[in-house]
Amino acid sequence: MTITKTNLLDRYHTLKFNALLFFRYIKWPLVSFIALLIAFEVMGRCVSIAYQYASADIDSETIGKIVSSGSYSGGSAGGTKRHNILYEYKVDGVTYTSRIIDYEYTTIDASSKIKQYYVGRNVRVLYDSSRPALSVLEITPLSASVIIRLLIALLVPFIVVIWQIDWKARAKRKR
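Below or above, wherever it landed, is the structure these notes cover.

The rules behind these values
Throughout, residues of each chain are indexed from 1 in the direction in which the sequence is written. Residue-level local features of this predicted model are given only where pLDDT is at least 70; pairs of side-chain atoms are given and counted only at 80 or more, and the full residue set underlies all totals for whole chains, interfaces and linings. The basis for every side-chain value is the complete set of non-hydrogen atoms in the structure, without hydrogens or water. Secondary structure elements are taken from DSSP: a helix is a run of H or I of four residues or more, a strand is a run of E of two residues or more, and numbering for both begins at the N terminus. Classification of residues uses two cut-offs on accessible area relative to the type maximum, computed with a 1.4 Å probe and protein chains only: under 20% is buried, over 50% is exposed, and between them is partly exposed. Working rule for contacts: check all heavy atoms of both residues, and any pair within 4.5 Å makes them a contact. Salt bridge, as used here: a side-chain nitrogen of Lys or Arg that lies within 4 Å of a carboxyl oxygen of Asp or Glu. Take the buried residues of types Ala, Val, Leu, Ile, Met, Phe, Trp, Tyr and Cys, join any two whose side-chain atoms come within 4.5 Å, and each joined set is a nonpolar core. The charged-residue count follows a simple rule in which Lys and Arg add positive charge and Asp and Glu add negative charge, with His and chain termini not counted at all. Aromatic pairing here means that ring centres of Phe, Tyr or Trp (its six-membered ring) are within 6.5 Å. Orientation follows from the plane angle: under 30 degrees is stacked, over 60 is edge-to-face, and everything else is tilted. Put simply, a patch holds well-exposed residues, over 30% relative accessible area, that have no salt bridge, with like charges counted together within 9 Å and Val, Leu, Ile, Met, Phe, Trp or Tyr side chains within 5 Å. Exposure was quantified through the Shrake-Rupley algorithm and a 1.4 Å probe, taking into account, for residues, occlusion by the shown protein chains and nothing else. Being paired, for any two strands, means DSSP has found at least two bridges between them.

### Notes on the overall build of the protein chain
The helix and strand tally for the protein chain stands at four helices and five strands. For the protein chain, the α and β elements follow one another from N to C terminus as α-α-β-β-β-α-β-β-α. Here the protein chain holds 175 residues, and 29% of them are scored as buried. Of the contacts made within the protein chain by residues no fewer than 6 positions apart, 66% connect residues no fewer than 24 positions apart.

See the structure below:
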């Protein structure tokens, strides 16, 4: 079979048409998936926590200083107290700041963290030498609550996407 310019153009238009059909078919499930991931990220930051935990290569340390230390209520009135501790540190002459104490950003007993990390205290900062802005004060394993929130953050959008694709397929068959 000889490949001609017409054959190539026909193949190109067929592929382009199929890609457009696929995108039209998958567009809203994809939008839903992204929207739900964003919602879970805003509610619990579990996606970024898991990403930072998985991608971090904490291989260096330096000395930093606690700049501010306090707490805030998370969620409803009288909700869980969360620590809000800011520290700064220098790597190769560049000053970085971070609020990440451990990979969960929160603690059951925020007041103990605030007492432990008071303003002006010098602290050991552990950081990724290839990305010095990524740092922690304590290396802790991911807790079950973060893992469960991450699974929910991934499974719920996936189930919604599958449901939407199935719903569209059924609607198309009824026509």
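Now that the structure has been shown, we can carry on.
### Re the pattern of salt bridges
For the coordinates displayed, the defined rule picks out three salt bridges. As a salt-bridge pair, Arg-124 and Glu-61 come within 3.5 Å of each other at their nearest N and O atoms. One end of the pair, Arg-124, is in strand E4 (residues 122–128); the other, Glu-61, is in strand E1 (residues 58–74), and 63 residues separate them in sequence. Classification of Glu-61 by relative accessible area gives partly exposed; the value is 48%.

### Some words on the nonpolar core
Ranked by size, the top nonpolar core spans 18 residues in total, and within it Ile-66, Tyr-87, Tyr-117 and Leu-137 carry the most contacts. Mapped by element, the contributors of at least two residues to this core are strand E2 (80–91), E4 and strand E5 (131–136). Residues in contact with Leu-137, not counting those within four places in the same chain, are Ile-66, Tyr-87, Ile-100, Ile-101, Tyr-117, Val-123, Arg-124, Val-125 and Leu-126.

### A few points about the side chain of Asp-102
Within the fold, Asp-102 resides in the loop between strand E3 (94–98) and helix H3 (110–116). In this structure, Asp-102 is buried with no salt-bridge partner, the nearest side chain bearing the opposite charge being Lys-113 at 4.6 Å. Discounting chain neighbours no more than four positions away, the residues touching Asp-102 are Glu-138 and Thr-140.

### A few points about the packing of aromatic side chains
The full count for this structure, using the stated rule, is three aromatic pairs. Ring centres of Tyr-89 and Tyr-96 lie 5.6 Å apart, and the angle between their planes is 25°; on these two criteria the pair is classed as stacked. Take Tyr-89 and Tyr-96: they sit in the same class, and that class is buried.

### Digging into the environment of Ala-133
Among the secondary structure elements, Ala-133 is positioned in strand E5. Along the primary structure Ala-133 and Tyr-89 are separated by 44 residues, whereas in three dimensions their C-alpha atoms are 9.5 Å apart. Aside from chain neighbours lying at most four places away, what touches Ala-133 is Tyr-89 and Tyr-96.

### Considering a nonpolar patch on the surface
Residues Ile-147, Leu-151, Leu-155, Phe-158, Ile-159 and Ile-162 make up a contiguous nonpolar surface patch of roughly 570 Å² in combined accessible area. Within the element layout of this structure, Ile-147 appears in helix H4 (residues 144–174).

### Concerning unusual backbone geometry
In terms of backbone geometry, most residues other than glycine have negative phi values and most peptide bonds are trans. For Asp-92, which is not a glycine, the phi torsion comes out positive at approximately 50°. Within the secondary structure, Asp-92 is located in the loop between E2 and E3. A residue is classified by how much of its surface remains accessible, and Asp-92, at 79% relative accessible area, is exposed.

### Brief notes about the pairing of E4
Regular strands have side chains that alternate between both faces of the sheet. Judged by how many residues are buried, E4 sits mostly within the fold: five of seven residues are covered. When E4 meets E5, the two strands line up antiparallel, connected through three bridges. Of the residues in E5, the one forming a bridge with Leu-126 is Val-136.

### Section: the side chain of Asp-128
Summarising the element assignment, Asp-128 is placed in strand E4. When near neighbours in sequence (up to four residues on either side) are disregarded, Asp-128 contacts Ser-55, Ala-56, Asp-57, Ile-58, Asp-59 and Leu-134.

By themselves, these observations are geometric and do not establish any function.
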